[in-house]
Amino acid sequence: MPVNKVVLGVTGSIAAYKAAEVCSLLRKAGVEVRVAMTACGARFVTPLTFETLTQHPVYADVFGQPKSYEMDHIAWAKWADVFAVAPATANILAKMAHGLADDPVSTFYLSFDGPTIVAPAMNTRMLEHPATEANLNLLRSRGVAVVAPAEGLLACGDVGRGKLADPAAIVAAVLGAQSQGAGQPVASPPAASVASAATVTTLRPPDKSLAGRTVLITSGPTHEYLDPVRFLTNPSSGRMGAALTMEAQRRGAKVHLVSGPVSPQMLPTGEGVTVHRVTTAEQMLRAVRDLAPTVDVFVFAAAVSDFRVATPPTHKIKRTGNSLTLPLIENPDIAQAIGCIKERGQITVGFAAETEDLERNALAKLERKRLDLIVANNVSNPRIGFDRDVNEVTIYRRDGSRRHISERPKSDVAFEVFEAVLGLLGPLQPASPATA
Ligand code: C5P
C-alpha cells in the first residue's frame with residue numbers, strides 16, 4: 001500500500017533542522033505531512049517552518065486549542081499511514097519505550113497503532129548507554145523500525161556514531177514502511193518468522209556494496225536420522241541465516257541460501273535469492289560443493305550436526321527391554337572442507353557457538369577451518385544465540401583484530417558481518433562474456 005499520509009515527530013536535537021528536509025522530501029514525493037513537536041524540538045526549529053512546509057498547523061502543545069472537536073493526537077492517529085520521529089532524542093526513545101505521554105510526540109505514539117519509525121540522533125555516549133540501547137531494543141521488539149544513525153563528526157565536536165541518518169534514507173524508510181512491516185508488533189517470546197525478524201531490522205536503504213558478488217549462506221540445523229522416524233538435531237531456528245540472507249540481498253549480492261530443515265518463514269525469498277533445501281550434513285556439503293566455484297563469500301551459519309549414525313536401519317527401531325547402542329560416526333565439516341579447497345579471493349566466514357573459553361576456541365576454529373573471519377558467541381547466555389532475535393558476538397579476523405558487537409538484533413549482527421567481509425574482498429573481477 002502506498003504511504004500517503006505521514007505524521008513527523010520532531011524532538012530536541014540539533015539535527016531538528018534536518019527534519020525540515022525530511023518534510024520537504026516527503027512533500028516532493030507526494031506525501032501529505034503533519035508535524036508534531038516537543039517543546040525542545042520547537043526551540044531548535046520553529047513550528048512556522050513546518051507549518052509553511054506542510055501547509056498545516058503544527059501540533060506543538062498538548063494543551064493547545066484543537067483545530068476541531070477531536071483531540072489532535074486522536075484525529076491524527078486515525079488519519080496517518082506512518083509515524084516517523086526524526087530526529088529522535090534519547091529522551092523521546094525512553095518515553096516511547098516506557099509509555100510516557102507528556103508531550104505531543106510521545107502522546108501521538110501511544111495513540112497510533114500503525115507503522116512507526118525512529119531515526120535517533122544524539123551523542124555517541126548517549127546512544128551507546130545501556131539505557132538507550134535497552135530502550136531501542138524494547139521499541140524494536142515492539143515492531144518499531146530504527147533508521148540507523150550514521151558515524152561522523154557530531155555537533156558536540158566528538159566523532160562517532162549518532163549523526164541523524166541521511167534525510168533521503170529516512171524518507172526511503174518511511175515510504176517503504178508498510179511493505180517492510182514496520183510497526184507490526186513482534187510476538188513475545190519472539191515468533192519464529194522472517195516477517196518478525198524484518199520488523200526488528202534496523203532499516204537501511206538498499207546499497208550496492210556487494211553488487212556483482214555471489215554469497216552462499218548455510219543456515220539452520222541438520223537432521224541426522226537414527227531410523228526412518230527419529231533424528232539427531234539441535235535448536236537452531238535459521239534466524240541468523242535468514243538475517244544474513246536479507247542483509248546480503250540488501251547489499252545487492254546474488255545469494256544462495258543452503259538451509260537445513262527450518263520453518264518456511266526462515267527462508268527469505270525475493271530478487272537475487274535462491275534457496276536450496278537440504279536435510280543432512282552430507283546433503284548440505286554436496287549442495288555447497290556444487291555451488292562453490294561461483295561463490296565469492298561463504299558464510300557458514302548452519303549448526304551442522306557433528307555426528308550421524310553410520311548406517312541407519314531402514315525400519316523403526318523397536319523397544320527390546322534392553323539398552324540401545326548406536327555407533328555414531330563424524331559428519332564432514334563443511335566449513336573446513338571448503339576452507340581446504342577455496343581459491344584465492346574466496347572468503348569464508350564461520351560461526352563459533354561456545355559455552356566456555358570463547359576466544360581460544362574461536363581462534364582455534366579460525367585456524368583449523370582456514371576461515372577468514374569467525375563470529376563467536378557465548379551460547380551459555382540464554383538471552384542470546386539459538387532461536388533468539390538478538391545476539392552478542394565478537395568478530396575475529398586472521399590478522400588478530402577483532403570487533404565486539406554488544407547485544408543487538410541479528411539483522412544488525414548480519415550488517416556487521418558483511419561490513420567486515422567488505423574489508424577483505426578484492427576488486428570485483430569483470431564478468432566473462434559467457435556469464436555477462
Ligand atoms: O560446530 P562448530 O562449532 O565446529 O562450528 C563452527 C563453524 O563450522 C560454523 O560456522 C559451522 O557452520 C561450521 N560447521 C560446518 N560443518 C560442520 C560443523 C560445523 O560447516 N560439520
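Residues numbered from 1 in each chain as written. Predicted model: local features only at pLDDT ≥ 70, side-chain atom pairs only at ≥ 80, totals over all residues. Heavy atoms only, no water.

Re the overall build of the protein chain
Point 1. In terms of regular secondary structure, the protein chain is built from 16 helices and 20 strands.
Point 2. In the protein chain, which comprises 436 residues, the share counted as buried stands at 51%.
Point 3. If you take every contact in the protein chain between residues at least 6 apart in sequence, the share linking residues at least 24 apart comes to 69%.
Point 4. In the form shown here, the protein chain has an accessible surface area of approximately 20500 Å², with 54% of it arising from carbon and sulfur atoms. (Helix = DSSP H or I, 4+ residues; strand = E, 2+ residues; numbered from the N terminus. Buried < 20%, exposed > 50% of the residue type's maximum accessible area, 1.4 Å probe, protein only. Contact = heavy atoms within 4.5 Å. Areas by Shrake-Rupley, 256 points an atom, 1.4 Å probe, with all protein chains shown as cover.)

Re a nonpolar patch on the surface
Point 1. Taken together, the side chains of I14, Y17 and F44 present a nonpolar region at the surface, about 330 Å² in accessible area.
Point 2. If you trace the backbone, I14 turns up in the loop between strand 1 (5–10) and helix 1 (16–28).
Point 3. Overall, the relative accessible area of 47% leaves I14 in the partly exposed class. (Patch = residues over 30% accessible without salt bridge, like charges linked within 9 Å, V, L, I, M, F, W, Y side chains within 5 Å. Salt bridge = Lys/Arg side-chain N within 4 Å of Asp/Glu carboxyl O.)

Quick look at the site of the ligand
Point 1. What surrounds the ligand is the set F300, A302, V304, D306, P332, D333, I334, A335, G350, F351, K365 and K369.
Point 2. Contacts to the ligand include I334, whose backbone N or O atom sits 3.0 Å from a nitrogen atom.
Point 3. At 2.7 Å from an oxygen atom of the ligand is found a side-chain nitrogen or oxygen belonging to K369.
Point 4. Contact with the protein chains hides 89% of the accessible area of the ligand, taken as 440 Å² for the molecule alone. (Near = heavy atom within 4 Å. Polar contact = N/O pair within 3.5 Å; in protein donor to acceptor, adjacent residues only side chain to side chain.)

Quick look at the environment of A16
Point 1. For A16, the location among the structural elements is in helix 1.
Point 2. Among the residues examined, A16 registers a relative accessible area of 0% and is labelled buried.
Point 3. Taking the C-alpha atoms as reference points, A16 and A88, separated by 72 residues in sequence, lie 9.0 Å from one another.
Point 4. The residues touching A16, leaving out its near neighbours within four places in the chain, are V10, T11, F44, V45, F50 and P87.

Remarks on the sheet that holds strand 18 (residues 373–378)
Point 1. In spatial order, the strands read 13-12-9-14-17-18-19-20; together these eight strands make up an open sheet with mixed pairing. Each end of this open sheet is capped by a strand with a single partner; those strands are strand 13 (273–277) and strand 20 (402–409). Across the sheet, the mean angle from the axis of one strand to that of its neighbour is 20°, orientation sign disregarded.
Point 2. Sheet topology places strand 9 (residues 214–219) next to strand 12 (residues 254–259); six bridges connect them, and they run parallel. If you follow S219 over to strand 12, its bridge partner there is S259. (Pairing = 2+ DSSP bridges. Axes fitted to C-alpha atoms, helices over the stretch in contact; angles between N-to-C directions.)

What about the packing of helix 4 (residues 72–79) against helix 6 (residues 104–111)?
Point 1. Running from N to C, helix 4 and helix 6 point in directions that differ by 50°, and their axes come no closer than 9 Å. Regarding the angle of helix 4 to helix 6, the classification is oblique. Note on packing geometry: the crossing formed by helix 4 with helix 6 is right-handed. The segment helix 4 lies against helix 6, with H73, I74, W76 and A77 engaging T107, F108 and S111.
Point 2. Here the contact of helix 4 with helix 6 is built from residues that sort into four nonpolar, three polar and no charged. (Parallel < 35°, antiparallel > 145°, perpendicular 65-115°, else oblique. Left-handed = near helix turned anticlockwise from the far one by under 90°. Nonpolar A, V, L, I, M, F, W, Y, C, P; charged D, E, K, R; others polar.)

Here we look at the pattern of salt bridges
Point 1. For the structure shown, the criterion picks out 18 salt bridges.
Point 2. R251 serves as the salt-bridge partner of E247, at 2.7 Å between the closest nitrogen and oxygen.
Point 3. Close ionic contact of D372 with K342 constitutes a salt bridge, the shortest N to O distance being 2.8 Å. Of this pair, D372 sits in the loop between helix 15 (358–368) and strand 18 while K342 sits in the loop between helix 14 (334–341) and strand 17 (347–354), placing them 30 residues apart in sequence. Comparing D372 with K342 shows no difference in burial state: the two are buried.
Point 4. By sharing partners, the salt bridges in this structure join D207, E247, R250, R251 and E419 into a single network.

Thoughts on the pairing of strand 10 (residues 224–227)
Point 1. In terms of strand pairing, strand 10 meets strand 11 (residues 230–232) through three bridges, oriented antiparallel. By the bridge assignment for strand 11, D227 is matched with R230.
Point 2. Where strand 10 hands over to strand 11, the hairpin turn is made up of two residues, counted between the paired strands.

Observations concerning the nonpolar core
Point 1. Formed by 33 residues in total, the largest nonpolar core has its most connected members in L8, V35, F50, I117, I170 and V174.
Point 2. Only strand 1, helix 1, strand 2 (32–37), strand 3 (82–88), strand 4 (116–120), strand 5 (145–147) and helix 9 (167–175) provide two or more residues apiece to this core.
Point 3. Per-element accounting of this core gives the leading share, six residues, to helix 1.
Point 4. Setting aside chain neighbours within four positions, we find F50 in contact with V10, A16, A19, A20, C23, V35, M37, V45, Q55 and V58.
Point 5. One finds L210, V349, F418 and L425 within the second-largest nonpolar core, a separate group that totals 32 residues. (Core = buried A, V, L, I, M, F, W, Y, C linked by side-chain atoms within 4.5 Å.)

Brief notes about the packing of aromatic side chains
Point 1. Taken as a whole, this structure holds six aromatic pairs when the rule is applied.
Point 2. Relative to F108, the ring of F83 lies with its centre 4.7 Å away and its plane at 65°, an arrangement referred to as edge-to-face. Residue F83 is found in strand 3, and its partner F108 is found in helix 6; the two are separated by 25 residues along the sequence.
Point 3. Judged by relative accessible area, F83 falls into the buried class, the value being 0%.
Point 4. With a centroid separation of 5.9 Å and an interplanar angle of 10°, the aromatic rings of F298 and F300 are classed as stacked. Like F300, F298 is buried.
Point 5. These aromatic residues form a ring-pair network of at least three members: F83, F108 and F112. (Phe/Tyr/Trp six-rings, centres within 6.5 Å; stacked < 30°, edge-to-face > 60°.)

Some points on the pairing of strand 20
Point 1. Alignment of strand 19 (residues 390–397) against strand 20, held across six bridges, turns out to be antiparallel. Looking at strand 20, one finds that I395 is bridged to R403.
Point 2. Hairpin connection of strand 19 to strand 20: four residues between the antiparallel strands, including G400 at a positive phi of 95°.

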